[in-house]
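Inside the fold
What follows is each chain in one-letter form.
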Amino acid sequence: MSDMSEMSPQAGPAGTDLSAEAVRAALVAAIPGCEVTVLENGSVSGQHSLVLGHEHAVEAAKFLRDNAELRLDFCSNMTGVDWPDKEVTEKVKVKKVVEGPEGPSEQEVEETRKTTVPGYLEAVYHLFSMEKKHGPVILRLRTRDRADGNHVPSLTPVWRSAEFQEREAFDLYGIVFDGHPDLRRLLMWEEFTDYPMRKDYVPPPEDDPVVDDGCLPAADAEQGAAGA
Amino acid sequence: MEQELKDLKVELQKQGIFTTTLEEIYNWGRKNSVWPLTFGLACCAIEMIATSMARYDIARFGAEVFRPSPRQADLMIVAGTVTKKMAPQVVRLYNQMPEPKYVIAMGACAISGGPFRDGYNVLKGIDRYVPVDVHIPGCPPRPEALLHAFITLQKKIDAQQLRGEGRAHHLKADTPSEYPVPDFGSHDLEPTHNDEVFPPKPESPFKVLP
């Protein structure tokens, strides 16, 4: 954990290794059976994140907050992400018995397979330490699917600052945070049933009648004269 | 005939005799004492506040008394983005204002939804629910633009008749001074606009001044 020789780009002045791998190792060591995987970020920023399993998520969050070396006492940002179902086509080489001119023989044939990767919703938390002046550590919680399995454990009991942001994610993405003290819509009204930030959201149709007050032809003519 | 009367009045004034009509003096009084509602929704409100302060000084036009109660206000300046969640409250405030009352829709958002028009949460113009007297484009409009809108409104008040078929909206018993407050629906506001005021009809008293 406190290996000074290998400072990560996310390390603070105290030299605590905040790389995703190191935090994962600390979590696994502290909480037996903690499901946590590192999600690589291939971009220049290289902000790798940790995907937490639901069962130990709150426990893991408490560890990150209270651990003397990490002290991630501040959740600066929490947001939602919608990952819709996507269709993946891949070419697979399959051995098949093919009827040839010299009778049936086994050959390698290329096949295109289409598989649908089911979508899910994601809650992303950015954690910093006020005390140690380091961060961020990025946590992700994923729902099972985008329909009934839209639950994740709430981290509001751990970081109070997540309260309104989790409500916002509930409002706009439809992620249900189990254990949230007051999970209501934050921005839209109570009667609203849609989740406007989801990728498949369809806004209400435009009902704007075009008002012809005679201004448009004149303006067009003016523009035409100016262009000529 | 009208021009002759005007010339005669000017001639009389030169001789130190002041003549007027009841309509003229009534409208003169009204147009120089329009009290706006203290009411801002977004960044346009900052320009509205600037308009009321010393540099632009809307007090020069008799509109410096911003009233915090709709019961005491004559003018609603819809300054800023009207979200769908806020729209019913705006209509309710309008309904609570006593006649004669006027509305200035200030800025791109208030007149059409502006840059947020395609959003899920913004009303595409307050004129969908309440009649608007003066629209000001701009994002945000400068204080001068608000002053211009206000002077336009003063001209409109000045031109209102007290009697006859063309008399002002608030002097006709059968014209409404309250409009239905929209409800929160499951996808949008219900209804999405009030057919009575939107789109503005050519014969409506809220038509654009020539």
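Look up: the structure comes first, before these words.
For clarity, every value in this text was computed on a predicted model and none was experimentally measured.

Description of helix H1 (residues 2-14) of chain B
What sets the pattern is the α-helix's 3.6 residues per turn: residues three or four places apart point alike. Taking 1.5 Å of rise per residue, 13 residues should cover 18 Å, and H1 of chain B covers 19 Å from first to last C-alpha, within 8% of that figure. Immediately downstream of H1 of chain B, the backbone of Gly16 of chain B shows phi near 90°, a positive value.

Some points on the sheet that holds strand E2 (residues 49-52) of chain A
Strand pairs in the sheet, formed through backbone hydrogen bonds, run parallel or antiparallel to each other. All names here are of chain A. If you walk across this open sheet you meet the five strands as E1-E2-E7-E6-E3, and the pairing is mixed. A strand with exactly one partner marks an edge of an open sheet, and here the two such strands are strand E1 (36-39) and strand E3 (74-83). Direction aside, the axes of adjacent strands within the sheet are offset by 25° on average.

Structural notes on the sheet that holds strand E1 (residues 75-79) of chain B
Residues and elements named next belong to chain B. Pairing within the open sheet is parallel, and its three strands lie in the order E1-E2-E3. On the outer flanks of this sheet lie E1 and strand E3 (134-136), each paired with one strand and no other. Strand after strand, the sheet turns through a mean of 15° between neighbouring axes, direction not considered. Inspection of the sheet shows strand E2 (residues 102-106) paired to E3 by three bridges, in the parallel sense. From the neighbouring strand, Ile104 faces E3, where its bridge partner is Val134. Those strands touched by helix H6 (residues 143-158) are E2 and E3, and its axis lies near 165° from that of E3.

What counts, and at which threshold
Residues numbered from 1 in each chain as written. Chains lettered and ligands numbered in written order. Predicted model: local features only at pLDDT ≥ 70, side-chain atom pairs only at ≥ 80, totals over all residues. Helix = DSSP H or I, 4+ residues; strand = E, 2+ residues; numbered from the N terminus. Expected span 1.5 Å × (residues − 1). Pairing = 2+ DSSP bridges. Axes fitted to C-alpha atoms, helices over the stretch in contact; angles between N-to-C directions. Contact = placed C-beta atoms within 7 Å.

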